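Residue strings, one per chain:
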Amino acid sequence: MLAVQHQPATTTSDQVSASLPDIPSNAPQHCPVSTLFFSLSNLRFTENTSFFLITLNQGTESELAGKSDACNGCANQEICASSTKPKGPDPALPFIRERMADVKHKILVLSGKGGVGKSTFTAQLAWAFASDEATQTGVLDLDICGPSIPTILGLANEQVHSSSSGWSPVYAQPNLAAISVGFLLPSAKDAVMWRGPKKNGLIAQFLKDVDWGYLDYMLVDTPPGTSDEHLSVVQYLKESGIDGAILVTTPQEVALQDVRREIDFCRKVGVPILGLVENMAGFVCPGCKTESKIFKPTTGGAKRLAEETNVELLGSVPLDPRIGKSADYGVSFLDDYPDSPATTAYLDIIDRIKEILEERKQ
């Protein structure tokens, strides 16, 4: 319920802000408290302005805090709903910051649409980084309801082990490690049916309890969309810093329209965009090596989208059927098929990502 009280024209914007309940520093935009705050902050005040001051019964100190429908999925929900709410930031943040201090580069791999090959691209990116034996690479699988990284990296039957220093990630090779909810399930057939708070708790645990050691690159494979997992990882890594996001799409408009939303998400939460990757950009015949367009770019494809949104197009990866085969068998496509045009595209994209990260360091 909202209590509405008419105020005299001398009321100021500062008085409006002061009347609002406490807002958590990492509250997402869909938080009912922060949403109202953002809306009121855009009001214009003049001597002749007459308006209504809205007082929320649903603040962080109210009985409904953390219990309303709008609170579902917020990283603060459990804290707000607790009868003994601690003051200050999330207690997991210092531990996450300590773990992430040894991770040089943190890269999110995003896609607005499912089925565009994001997890496959993440895995091939990881294989490519790890092809240099001196480069330590980690893959954090945040696709909690559909974990495919264990299969793509050839780790489907592995399990996570714990020690005094935390959970040990599973290694595909000495310099390539991964963590996924898939390693924690009794069977690959088991469905993960979790609401937002439980997902958020596991993401925090992956970040603060996994003993990654030193990493040159951490690739974070996310599920489609812009929901709980995305908000949580951005909030948890805010202090540690995210180097940027790679957005994966396919050429057709049905995928591009969701990537536009993903670009908007990144800009709203302050995640730098490293660039756009167009996956399945054409079909490469394994025999004659010629390329055909399977998914026609009816609206200009990723190239047009990159121009419209001022985002760099990192490259286009053609659809080679052997990529799917490599993913099913859990092997590196780049190592097995070095002569494929898709391998050349992957390696060019890797080189450009490294260049961008070096440029931003200077």
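Everything quoted here is computed from the prediction, not taken from an experiment. (Residues numbered from 1 in each chain as written. Predicted model: local features only at pLDDT ≥ 70, side-chain atom pairs only at ≥ 80, totals over all residues. Heavy atoms only, no water.)

So, the overall build of the chain
Scanning the chain from terminus to terminus reveals 13 helices and 13 strands. Residue burial in the chain is summarised as follows: out of 362 residues, 49% are buried. Residue pairs in contact within the chain that sit at least 24 positions apart in sequence constitute 76% of those at least 6 positions apart. As displayed, the chain offers around 17700 Å² of accessible surface, 51% of which is attributable to carbon and sulfur atoms. (Helix = DSSP H or I, 4+ residues; strand = E, 2+ residues; numbered from the N terminus. Buried < 20%, exposed > 50% of the residue type's maximum accessible area, 1.4 Å probe, protein only. Contact = heavy atoms within 4.5 Å. Areas by Shrake-Rupley, 256 points an atom, 1.4 Å probe, with all protein chains shown as cover.)

With respect to the side chain of Thr 250
Residue position: Thr 250 is located in the loop between β10 (244-249) and α9 (253-269). Judged by relative accessible area, Thr 250 falls into the buried class, the value being 3%. For Thr 250, the contacting residues outside a window of four places in its chain are Val 116, Ala 255, Leu 256, Glu 278, Asn 279 and Met 280.

Digging into the packing of α9 against helix α10 (residues 301-309)
Contact geometry of α9 with α10 gives a least axis separation of 11 Å together with a crossing angle of 35°. When the axes of α9 and α10 are compared, the crossing they make is right-handed. Contact with α9, carried on its side by Leu 256, Val 259, Arg 260, Ile 263 and Arg 267, involves Gly 301, Ala 302, Leu 305, Glu 308 and Thr 309 of α10 and no other residues of that element. Classifying every residue of the contact of α9 with α10 gives 5 nonpolar, 2 polar and 3 charged. (Axes fitted to C-alpha atoms, helices over the stretch in contact; angles between N-to-C directions. Left-handed = near helix turned anticlockwise from the far one by under 90°. Nonpolar A, V, L, I, M, F, W, Y, C, P; charged D, E, K, R; others polar.)

Examining the pattern of salt bridges
In this structure the tally under the stated criterion is 15 salt bridges. Glu 308 is paired through a salt bridge with Arg 260; the nearest N and O atoms lie 3.9 Å apart. Of the two residues, Glu 308 sits in helix α10 while Arg 260 sits in helix α9, which places them 48 residues apart along the sequence. For Glu 308, a relative accessible area of 46% puts it in the partly exposed group. A salt bridge links Arg 352 to Glu 355; the shortest N-O distance between them is 3.0 Å. Residue Arg 352 and its partner Glu 355 are both found in helix α13 (residues 341-361); the two are separated by 3 residues, about one turn of the helix. You can call Arg 352 partly exposed: its relative accessible area is 22%. Overlapping salt bridges, with partners in common, bring together Glu 253, Arg 260, Arg 304 and Glu 308 in one network. (Salt bridge = Lys/Arg side-chain N within 4 Å of Asp/Glu carboxyl O.)

Points about unusual backbone geometry
One non-glycine residue, Met 280, lies in the positive phi region at around 55°. Tracing the sequence through the fold places Met 280 in strand β11 (residues 273-284). Met 280 sits in the buried class, given a relative accessible area of 17%. A positive phi angle, close to 60°, is found at Asn 310, a residue other than glycine. Take Asn 310: it is sitting in the loop between α10 and β13 (313-319). Given a relative accessible area of 70%, Asn 310 falls into the exposed group.

Let's talk about the confidence of the model for the chain
Per-residue confidence for the chain averages 82 on the pLDDT scale, and 80% of its residues sit at or above 70. Counted against residues more than four places away or in other chains, residues 1-21, with its pLDDT under 50, gives 37 contacts. Note on residues 33-58: pLDDT is under 50 here. Beyond four places in sequence and across chains, it has 56 contacts. (pLDDT = per-residue confidence, 0-100.)

Some points on helix α11 (residues 321-329)
By the burial criterion, the buried members of α11 are Arg 322, Ile 323, Ser 326 and Ala 327. An end-on view of α11 places all buried positions within 145° of arc, on one side of the element. Opposite its buried face, α11 presents the exposed residues Asp 328 and Tyr 329, each directed more than 90 degrees away. The secondary structure elements touched by the buried residues of α11 are α5 (118-130), α6 (149-152), β13, α12 (333-336) and α13. Positive phi shows up at Gly 330, right after α11, with a value of about 70°. (Arc of directions from axis to C-beta.)

Comments concerning the packing of aromatic side chains
Tallied over the full model, the rule gives 5 aromatic pairs. With 5.4 Å between their ring centres and 40° between their planes, Phe 333 and Tyr 337 make a pair best called tilted. No difference in accessibility class separates Phe 333 from Tyr 337, as the two residues are buried. Relative to Tyr 346, the ring of Phe 333 lies with its centre 6.5 Å away and its plane at 65°, an arrangement referred to as edge-to-face. One end of the pair, Phe 333, is in helix α12; the other, Tyr 346, is in helix α13, with 13 residues separating them in the sequence. With respect to class, Phe 333 is no different from Tyr 346; both count as buried. Taken together, the ring pairs connect Phe 121, Phe 333, Tyr 337 and Tyr 346 into an aromatic cluster. (Phe/Tyr/Trp six-rings, centres within 6.5 Å; stacked < 30°, edge-to-face > 60°.)

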